Amino acid sequence: MRHALATLILPTLLSCTASDIAKRRSSDLIGLDSFALAARYGTPTSYQHQGEYLQLNYGSAAAGCQVIVLVDQQQRVSGWASTGKVCTAR
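Residues numbered from 1 in each chain as written. Predicted model: local features only at pLDDT ≥ 70, side-chain atom pairs only at ≥ 80, totals over all residues. Heavy atoms only, no water.

### Points about the overall build of the chain
Looking only at helices and strands, one finds three helices and four strands in the chain. Going from N to C terminus, the chain has its helices and strands arranged as α-α-α-β-β-β-β. Considering only contacts within the chain whose residues lie at least 6 apart along the sequence, 36% involve residues at least 24 apart. (Helix = DSSP H or I, 4+ residues; strand = E, 2+ residues; numbered from the N terminus. Contact = heavy atoms within 4.5 Å.)

### Examining the pairing of strand β1 (residues 46-50)
In terms of strand pairing, β1 meets strand β2 (residues 53-60) through five bridges, oriented antiparallel. When the bridges of β2 are listed, Y47 appears paired with L56. (Pairing = 2+ DSSP bridges.)

### Quick notes on the environment of T43
Along the chain, T43 falls in the loop between α3 (34-41) and β1. Accessibility expressed as a relative area gives 66% for T43, which makes it exposed. In sequence terms T43 and Y58 are 15 residues apart; their C-alpha atoms lie 7.9 Å from each other. (Buried < 20%, exposed > 50% of the residue type's maximum accessible area, 1.4 Å probe, protein only.)

### Focus: unusual backbone geometry
For Q75, which is not glycine, the phi dihedral falls at a positive 60°. With respect to the helices, strands and loops of the structure, Q75 is situated in the loop between β3 (65-71) and β4 (77-83). Residue Q75 is classed as partly exposed on the basis of its relative accessible area of 36%.

### A word on the confidence of the model for the chain
Here the chain shows a mean pLDDT of 75. Residues at 70 or above account for 67%. Here helix α1 (residues 2-23) stands out as the least confident element of the chain, with mean pLDDT 49; β1 is the most confident, with 93. Taken together, the stretch residues 1-15 has pLDDT below 50 and engages in seven contacts with residues farther than four places along the chain or on a different chain. (pLDDT = per-residue confidence, 0-100.)

### Considering the sheet that holds β4
In spatial order, the strands read β1-β2-β3-β4; together these four strands make up an open sheet with antiparallel pairing. Looking at strand neighbours, the two that pair on one side only are β1 and β4, the edges of this open sheet. Between one strand and the next, the sheet's axes are offset by a mean angle of 20°, whatever the strand orientation. Running over the sheet, α3 touches β2, β3 and β4 and is turned about 10° from β2. (Axes fitted to C-alpha atoms, helices over the stretch in contact; angles between N-to-C directions.)

### Some remarks on the nonpolar core
Counting residues in hydrophobic clusters, the biggest one holds 13 residues, and the most contacted among them are L29, L37, L56, Y58, V67, V69 and V77. Contributing elements (two or more residues each) for this core: α3, β2, β3 and β4. The element contributing the most residues to this core is β3, with four residues. When neighbours within four sequence positions are excluded, V77 is seen to be in contact with L29, I30, G31, L32, L37, V69, L70 and V71. (Core = buried A, V, L, I, M, F, W, Y, C linked by side-chain atoms within 4.5 Å.)

Next comes the structure, spelled out in structure tokens:
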């Protein structure tokens, strides 16, 4: 029962975090320290190395909003993108 409940609620919560990020203007995120990003938006759903950058993934396509944030070696946000019907990037 708990597992079934978690599979229903968790994607919704993650999409809320992702859409909060997507609503921010890029000037609000670029240069933001990764620790401040984590404090503001929580833990990413997944991550992977992309050359000299760390790619942090928030939300999911199934939940309707997926946000990708690139963090450089100095642990600052250097870029981001969002996709999905629920995301409303400005």
